[in-house]
Structures are given as structure tokens and as C-alpha cells.
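# Close look at the chain arrangement
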Amino acid sequence: MSKSSVSTNIVAVRQRLEQALVDAGRPHDDAHLLAVSKTKPERDLRDAFEAGQRAFGENYLQEALDKQRALSDLAIEWHFIGAVQSNKARAVAEAFQWCHTVDRLKIARRLNDHRPEHLPPLNICLQVNISGEASKSGAAPDDVHDIAETLITLPRLSFRGLMALPAPSETLIEQRKPFSRLRELFESLKARHPEHPLDTLSMGMSGDLEAAIAEGATLVRVGSAIFGAR
């Protein structure tokens, strides 16, 4: 994609985000954009960075590591948003600032054990299978509180909140339902752990950004609306 297209698209997405916040009666800085750059070439990320984007989400570990080396001159905040396999936990723990896809305690403990001492704790979100899809990863909603009890004790992790990838829906009303359920879980977590800095709801993508913001998303993961279809 051309530099002008990426820049234009980022402006358009940021305008959507700002309008959604206005419509929801939320402050203009209450949610942030994560540019999902999987499968996109290095030049597209550079163009997005020049347009003011700083946080990028990657799904595929080796591709992400290659991009990190190629773009090491840029102060990018790297978010891992793909499935975390046990044998890749060390690389994720060493190379990223965020991991959105912690779906079980085994992975959390591996990330904690492998996070280098010289780095700040790894920011994580607990992925929740909010729509109950057999094909999707994520903790069951009923297990969130029990898992959270352990997550907040792991010293090399900073448990920031919840993430979900709901089943797609066509209408705004239907899109809001799973986001609403995730928000209720998030609020109950915050009420149970008032001393812990739970501040992140990672939900919403190109097609349902407005619904996610209406239900309290603080971080929206947008790929195709910025970089075009894969």
C-alpha cells in the first residue's frame, strides 16, 4: 500500500475512534489505536509510524521478530496478539511490551519465568472466549476470576485487563452484546481487586470499532482499515 494511503487510512480510523468516543460520552483520550500489521511489509509500518502511530500488533512470531530487527531504529511499542505456544513463550517474553493472548495459567507462568529481569514486567491481557466458540482460544468467562487470582501474583507480568475476539455480527446491537459481557467481567474484576491497575479492555476491530467503544473498549485492534485487506 502507498504511503499516502496508509496515512489517509490512519486519519480516517482515528476520526472514527474519536467520533465513537464522543457518541459514547467518553473523553477523547479514553481509548487508543493498535495497528494490526500482520503480513504487512516493513514499509507500511514505517509509513504508519511517520503518520503518528506508535503501537503495532503482530500475530506471527517469526515475522514479528524480523520486523523488529528491520525497524529497530523506530520507537515502536510491540504487542503480540497471536496464539502463544509454549515453545514460543520465551521469545514473546523477551521481545514484546504487551501480550494480549494469555489464555491459560501455563502460558502465563512461562511468560513470567522468561521475562528478563532488566525489562519492565510484561503487560498482559487475559483472553476470554466470550462467545463460547469451540474454534476460538480463550478462558471461559466462569474461569476468569480464578485465573486472575494467580495472574496478579506473577512478579514479571503486569496483568492489565481482558481481551476478546467475539463471533462476528452484522448489526451494532448484536456486536455490542459480547462486548457488554466482557465489560461486565472487567468491572467485576476491578471491584474485586481495587488495588490492582486493571485498565485495559482490548476489544474491537475494523468492522466493530464503534460497538466496542460504546461498551468501554480502551484499546481497539485495527488492521484492514489501515493497511488494506490481507
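Everything below is about the structure shown above.
Everything numeric in this text was worked out from a predicted model, so none of it was measured. Here the residue numbering is sequential within each chain, running from 1 through the sequence in written order. Only residues with pLDDT of at least 70 are given local features in this predicted model, and only at 80 or more are side-chain atom pairs given and counted; all residues enter the totals for whole chains, interfaces and linings. Only heavy atoms go into the side-chain values, all of them from the structure, while hydrogens and water stay out.

Here the focus is a negative patch on the surface. Patch construction takes residues with relative accessible area above 30% that form no salt bridge. Like charges are linked within 9 Å, and nonpolar side chains (Val, Leu, Ile, Met, Phe, Trp, Tyr) are linked within 5 Å. The Shrake-Rupley method, run with a 1.4 Å probe sphere, supplies the accessible areas, and residue values consider only the shown protein chains as cover. Salt bridge, as used here, is a side-chain nitrogen of Lys or Arg placed within 4 Å of a carboxyl oxygen of Asp or Glu. By the counting rule applied here, Lys and Arg register as positive and Asp and Glu as negative, while His and the ends of each chain are not counted. Here the site of a charge means atom NZ of a Lys, CZ of an Arg, CG of an Asp or CD of a Glu. Taken together, D142, D143, D146 and E149 make up a surface patch of like negative charges. Along the chain, D146 turns up in helix 6 (residues 144-151). Numbering of helices and strands runs from the N terminus; a helix is a DSSP stretch of H or I covering at least four residues, while a strand is a stretch of E covering at least two.

Moving on, we get to the nonpolar core. A general trend in soluble globular proteins is that nonpolar side chains are found buried together. The biggest cluster of nonpolar side chains holds 64 residues, and the ones touching the most others in it are C99, L111, F159, L162, I213 and I226. Of all the elements, helix 1 (residues 3-23) adds the most residues to this core, at 6 residues. Aside from chain neighbours lying at most four places away, what touches I213 is L17, A20, L21, A24, R26, A31 and V220. Remark: nonpolar core denotes a set of buried residues (Ala, Val, Leu, Ile, Met, Phe, Trp, Tyr, Cys) joined through side-chain atoms within 4.5 Å. Note on exposure labels: buried denotes an accessible area under 20% of the residue type's maximum, exposed denotes more than 50%, and partly exposed covers the range between, all computed with a 1.4 Å probe on protein chains only. Grouped together as the second largest cluster of nonpolar side chains are 5 residues, L34, V36, A55 and I81 included. We call two residues in contact whenever any of their non-hydrogen atoms come within 4.5 Å of each other.

The next point concerns the packing of helix 6 against helix 7 (residues 172-192). Structural elements are reduced to axes, namely lines fitted to C-alpha atoms, with helices fitted over the stretch in contact, and the angle between N-to-C directions of any two is expressed from 0 to 180 degrees. At a closest axis distance of 11 Å, the pairing of helix 6 and helix 7 adopts a crossing angle of 45°. One way to sum up the angle between helix 6 and helix 7 is to call them oblique. Viewed along their axes, helix 6 and helix 7 form a crossing whose handedness is right-handed. For the pair helix 6 and helix 7, the contacting residues are V144, H145, A148 and E149 in the first and L185, S188, L189 and R192 in the second. Of the residues assigned to the contact of helix 6 with helix 7, the class counts are 4 nonpolar, 2 polar and 2 charged. Each angle gets one of four labels, with under 35 degrees taken as roughly parallel, over 145 as roughly antiparallel, 65 to 115 as roughly perpendicular, and the rest as oblique. In this scheme the handedness of a crossing depends on how the near helix is turned from the far one: anticlockwise by less than a right angle means left-handed, clockwise means right-handed. When residues are sorted by character, Ala, Val, Leu, Ile, Met, Phe, Trp, Tyr, Cys and Pro go into the nonpolar class, Asp, Glu, Lys and Arg into the charged class, and all the rest, Gly among them, into the polar class.

Turning to its location among the elements, T200 is positioned in strand 7 (residues 200-202). Among the residues examined, T200 registers a relative accessible area of 5% and is labelled buried. Excluding its chain neighbours within four sequence positions, the residues that come into contact with T200 are W98, C125, R160, G161, L162, F186 and T218.

Moving on, we come to the pattern of salt bridges. A side chain of one charge can pair with a side chain of the opposite charge when the charged atoms of the two come close. Evaluated as defined, the whole model comprises 14 salt bridges. Residue K67 pairs with E63 through a salt bridge whose shortest N-O separation is 2.7 Å. Placement of both K67 and E63 in helix 3 (residues 61-70) is noted, with a separation of 4 residues, approximately one turn of the helix. The class for K67 is buried, based on a relative accessible area of 6%. Between E215 and R176 there is a salt bridge, with the nearest N and O atoms lying 2.8 Å from each other. Of this pair, E215 sits in the loop between helix 8 (209-214) and strand 8 (219-222) while R176 sits in helix 7, and the two are 39 residues apart along the sequence. The class for R176 is partly exposed, based on a relative accessible area of 31%. Via salt bridges that share partners, E42, R46 and D73 belong to a single interconnected network.

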